[in-house]
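Here is what each chain is made of, one letter per residue.
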Amino acid sequence: MDFSYSERQLKFRETAREFAENEIAPLIRQMEEKRRTDRDLISKMKSLGFYGIQYPEEYGGVGSSYLEYVMVLEELSRVYCSIGGHISVNSLCAGTILDFGTEEQKRRYLPELLAGDAIGSFAFTEPDTGSDARAIRTAAVRDGDEWVINGEKIFITNSTLPGCIAVFCKDVEKDGKITTIIVPKNAPGYSAQKLVSKMGMHGMEVADVVLENVRVPYENAVGGEEGRGRGFEILTTEIAIGKLGISAQCVGMAQAALDASISYAKQREQQGKPIAKFQTIQWLIGEMSGEVEAARYLTYATAHAKSKGKNIVFDSARTRLFASQVAHRAASSAMQIHGAFGYTTEYNVERIFRDMKLAEIYEGVNEIQRVIAAAELLR
Ligand SMILES: Cc1cc2nc3c(=O)[nH]c(=O)nc-3n(C[C@H](O)[C@H](O)[C@H](O)COP(=O)(O)OP(=O)(O)OC[C@H]3O[C@@H](n4cnc5c(N)ncnc54)[C@H](O)[C@@H]3O)c2cc1C
C-alpha cells in the first residue's frame, strides 16, 4: 500500500491550511460573538473551489476525490470547525442531487451549490424525531403539477443562508413513504428566522425551519417520479458521506487540541521547569498523538473507499464513532494540560471542547453508529 500523497493533494492541504490560518482565524472571535457564518468568508471560499472539491467538473465541481475533500475539511476544522461543518452540510445537499437527482436537477442545482453561489441544507430532524427518521411528520401532498409541503424541521444547518434545501417529507400519496423534495429557501411559506441558541459551533448557522403551504414544482422530488418513496435510502446514503465529513472535522479539532497542548506544555512552568517535563503531561500528549494519527488514517481510508465507489455506510459509521471519540478525548486532555487557563475563553481549547461535542450527536448519535458498525458483522 502506498501512503504517500500526490502533489495535488499536498497542494490542496497547503491551500486550505494557509486559508484557514490567514483568513478564517482573524474572524473567529467575531463569528463566535455574532453567531453567524461570515459572508465575506463564503465569497473567498467560493473562489478557492471549497464547495465543489469532490464533485465532477461537468456539474461545476473541481473534479478531485474525497481524499482531497477530507484533507481540506480537516485543515479548515483545525482552525475553526464551524466552517468545516458549514461546507460539509452543503455537500449533503449537493450529494443528494448528484447521487439521486435527475439529469435536469443536476444541471439546474449543482453548478450553484458547487460554486458556493447557493448554500445547501439537508432537513430530516423534527421536533418529535431525530434518530427515528421514519417517524417524520412533514407532509408533502401533490396538487396537480406542484407539491404542497407543510411541517417543521428543527436544528437545520445553513437554513438561514440563501440557496436550496433537501427536505425529507412523508409522501401522502405513497402511504407516507419518504420523498425528498428540493425547496428553494426563498419559496413563499419557507421561514428560518430564529437561530438555535447552542453550546458551540457558533460560526455554523443552525435554525428551525417552518414550511407552511410551501409550493414547489412537482419535478422537484429528488429523482423525479422514480425517486418518490426513496427518501430513506437517500438519507442513509448521504448521511454516510456526511459522517465522513464529520470525521475529518474531528481529526482537525483533535490535531488542534494536540498542537495547542504541545505549545502550552513547553512554555508553562511549574516547580521551575516546563510542565512538558512531567511524565503525566507526556503521557497525555503521547496518547493523543497516536489517536489523532489513527483517526486520520481511518478517515482517509474511508474517503479513499468512497472515491473508489464503495458503499461506505458501515465504514463511515465506525470512522465517525472513533474519530469523534478521539476528538472528545483530545479536547479533554488538552484542557487538562492547560489547567485553569484551558477553562477560559483566552485559549482555543475551550472552544474545541464545546465544538467537539456536536460530532458525537449530529447526523446520527454515536449510539446508532455503534449499532450500524456492528450490523455489518452480525448479519
Ligand atoms: C448544531 C446542530 C446542527 C444540526 N444540523 C442538522 C441538519 O442540518 N439537518 C438535520 O436534519 N438535523 C440536524 N441536526 C439534528 C441532529 O442530526 C439530531 O439532533 C440527531 O440526529 C439526533 O436526534 P435527536 O436530537 O432527536 O436525538 P434522539 O433521537 O431524541 O436521541 C436522544 C438519545 O437517545 C438515544 N437513542 C435514540 N435513538 C436510539 C437508538 N435507536 N438506539 C440507541 N439509542 C438511541 C441516544 O442516547 C440519543 O443520544 C443538528 C443538530 C445540532 C445540535
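Residues numbered from 1 in each chain as written. Predicted model: local features only at pLDDT ≥ 70, side-chain atom pairs only at ≥ 80, totals over all residues. Heavy atoms only, no water.

Digging into the pattern of salt bridges
Note the cut-off: A side-chain nitrogen of Lys or Arg and a carboxyl oxygen of Asp or Glu constitute a salt bridge if their distance falls within 4 Å. Secondary structure follows DSSP: runs of H or I at least 4 residues long count as helices, runs of E at least 2 residues long count as strands, and numbering of each begins at the N terminus. Only protein chains enter the accessibility calculation, which uses a 1.4 Å probe. A residue is then buried if its area is under 20% of the maximum for its type, exposed if over 50%, and partly exposed in between.
Using the criterion set out here, one finds 30 salt bridges in the structure. Of the charged contacts, one joins Arg13 and Glu74 as a salt bridge, the two residues approaching to 3.5 Å between their closest N and O atoms. With Arg13 in helix H1 (residues 7–24) and Glu74 in helix H4 (residues 66–79), the pair connects residues that are 61 residues apart, well separated along the chain. Judged by relative accessible area, which is 13%, Arg13 ranks as buried. Here Glu205 and Arg36 are joined by a salt bridge, their closest N and O atoms 3.0 Å apart. Within this pair, whereas Glu205 is found in the loop between strand E6 (190–191) and strand E7 (206–217), its partner Arg36 is found in the loop between helix H2 (28–34) and helix H3 (39–48), the two being separated by 169 residues in sequence. The structure contains a network of salt bridges with shared partners spanning Arg13, Arg17, Glu21, Glu74, Glu75, Arg78, Asp259, Glu293 and Arg296.

Quick word on the domain arrangement of the chain
As a reminder, the rule being used: Per the annotation, domain bounds derive from an automatic or database assignment of domains. A contact between two residues is defined here by any heavy atoms of the two lying within 4.5 Å. As a working definition, buried area equals the accessible area (1.4 Å probe) given up by two parts on being put together, with both sides summed.
According to the domain assignment, the chain contains domain 1 (7–119), domain 2 (120–228) and domain 3 (233–378). Distance between the C-alpha centres of domain 1 and domain 3: 21 Å. Between domain 1 and domain 3, the contact holds 26 residues from the first and 30 residues from the second. Area buried by domain 1 at its contact with domain 3 is led by Tyr66, Glu74 and Phe100, which between them contribute 27% of it. Joining domain 1 to domain 3, the criterion identifies three salt bridges. With a closest N to O distance of 3.4 Å, Arg354 and Glu32 form a salt bridge. Listed by contribution, the elements that provide at least two residues to the side of domain 1 that touches domain 3 are H2, H4 and helix H5 (81–100).

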